[in-house]
Amino acid sequence: MELIKKYFDKLQVQNTHDWNFFQSKLECINYPARTVILKKGQVEQYLSFIEKGIVRFYIPQEDRELTFSFSFANNFVSAYDSFLSAMPSLYQVETLTESTLWRINITDLQQVYEQTDAGNIIGRKAAEGLFLKKSQREMSLLYDNAETRYLKLLAEQPHLIQQIPLKYLASYIGITPQALSRIRKRIS
């Protein structure tokens, strides 16, 4: 709980009343590694904050899985398009490592927005963060080659990248595991 408070205090200093109201709406969930927390076809009910762990977003297909995003500790995580639209998700969300998430459902989040001074600011900042991450990913896919995408991920989360299986990293970058092995060998 302390990590999420520090994160929010960076965005907007919380008065005691607002913080107490907000934290009363949070639920802490611990997940083992490799747990699907949202299946394709389900509607996302939560906006979560990762206290610890790595979360993967992917599209399941018959012959392979297409990984398109990772989220790490100290970040928000959600199938946000499904959360906002109340439409079924087109992808799955899975923990890669043992993970602790603090989550809030949409009804409680709306109450936080309506009943606290800082709620709208925090909500806007969370949405902006999720949007920026998505936008940066899209630009990277359009402008960067596979090696550059790998190097950026390595620069952002060097200690965590070792915990992500090679096949998921390769899928995220848009290449085969063999091609990623060659890139890793070349830059070592």
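Just so it is clear, the structure is predicted and the values come from calculations on it, not from any experiment.

**Focus: unusual backbone geometry**
And step 1. Notably, arginine 34 is not glycine yet its phi reads approximately 60 degrees, a positive angle.
And step 2. Its location among the elements puts arginine 34 in the loop between strand E1 (27-31) and strand E2 (36-38).
And step 3. In this structure arginine 34 comes out as partly exposed when scored by relative accessible area, which is 47%.
And step 4. One non-glycine residue, alanine 86, lies in the positive phi region at around 60 degrees.
And step 5. Checked against the element boundaries, alanine 86 lands in the loop between helix H3 (80-85) and strand E7 (92-95).

**Let's talk about the sheet that holds strand E4 (residues 54-60)**
And step 1. Judged by pairing direction, the sheet is antiparallel, and its 4 strands sit side by side in the order E2-E7-E4-E5 without closing on themselves. Looking at strand neighbours, the two that pair on one side only are E2 and strand E5 (65-72), the edges of this open sheet. Across the sheet, the mean angle from the axis of one strand to that of its neighbour is 30 degrees, orientation sign disregarded.
And step 2. Summarising the sheet, E4 and E5 pair through 7 bridges and their orientation is antiparallel. Opposite tyrosine 58, over in E5, you have threonine 67 as the bridge partner.
And step 3. Against the sheet, helix H7 (residues 166-173) makes contact with E4, E5 and E7, and its axis sits at roughly 100 degrees relative to E5, the strand it touches most.

**Some words on the packing of aromatic side chains**
And step 1. Summed over the entire model, instances satisfying the criterion amount to 7 aromatic pairs.
And step 2. Judged by centre distance (5.0 Å) and plane angle (55 degrees), the rings of phenylalanine 70 and tyrosine 172 are tilted. Here phenylalanine 70, found in strand E5, pairs with tyrosine 172, found in helix H7; they are 102 residues apart in sequence, far enough to count as distant. You'll find phenylalanine 70 and tyrosine 172 in the same group, each marked buried.
And step 3. Each residue in the set Phe57, Phe68 and Tyr91 is aromatic and connected to the rest through ring pairs, giving one cluster.
And step 4. Against the face of tyrosine 58 rests arginine 56, its NZ or CZ located 3.8 Å from the ring centre.

**So, the pattern of salt bridges**
And step 1. Applying the stated rule across the entire model yields 9 salt bridges.
And step 2. Note that arginine 186 and glutamate 147 form a salt bridge whose closest N and O atoms lie 2.7 Å from each other. Of this pair, arginine 186 sits in helix H8 (residues 177-187) while glutamate 147 is found in helix H6 (residues 146-156), placing the two residues 39 residues apart along the sequence.
And step 3. A relative accessible area of 23% means that glutamate 147 is categorised as partly exposed.
And step 4. Residues joined by salt bridges that share partners form a network here, namely Arg34, Arg56, Glu65 and Glu94.

**Notes on the sheet that holds E1**
And step 1. Pairing in this open sheet of 4 strands is antiparallel, and the strands run E1-E8-E3-E6 from one edge to the other. Only two strands of the sheet have a single neighbouring strand rather than two, namely E1 and strand E6 (76-77).
And step 2. Relative to E6, strand E3 (residues 46-52) runs antiparallel, the two being bridged by 2 bridges. Looking across to E6, one finds that serine 48 is bridged to valine 77.
And step 3. Against the sheet, helix H4 (residues 106-115) contacts E3 and strand E8 (99-105), and its axis sits at roughly 70 degrees relative to E8.

Criteria and thresholds
- Per chain, residues are indexed from 1 in the order of the written sequence.
- Where totals are concerned, whole chains, interfaces and linings use all residues; where local detail is concerned, this predicted model gives features only for residues with pLDDT of at least 70, and gives and counts side-chain atom pairs only at 80 or more.
- To get the side-chain values, take all heavy atoms of the structure and skip hydrogens and water.
- A run of H or I in DSSP becomes a helix once it reaches four residues, and a run of E becomes a strand once it reaches two; helices and strands are each numbered from the N terminus.
- Only protein chains enter the area calculation, which uses a 1.4 Å probe; residues under 20% of their type maximum are buried, those over 50% are exposed, and those in between are partly exposed.
- Being paired, for any two strands, means DSSP has found at least two bridges between them.
- Each axis is a line fitted through C-alpha atoms, and for a helix only the stretch in contact is used; angles between axes span 0 to 180 degrees, taken between their N-to-C directions.
- For this analysis, residues touch if any pair of their heavy atoms sits within 4.5 Å.
- In summary, the pairing rule links any two rings of Phe, Tyr or Trp, Trp by its six-membered ring, whose centres are within 6.5 Å, and it sorts them by plane angle into stacked for under 30 degrees, edge-to-face for over 60 and tilted for everything else.
- Sitting over a ring, as applied to charges here, requires NZ of Lys or CZ of Arg to be within 6 Å of the ring centre and within 35 degrees of the ring normal.
- Salt bridge, as used here, is a side-chain nitrogen of Lys or Arg placed within 4 Å of a carboxyl oxygen of Asp or Glu.

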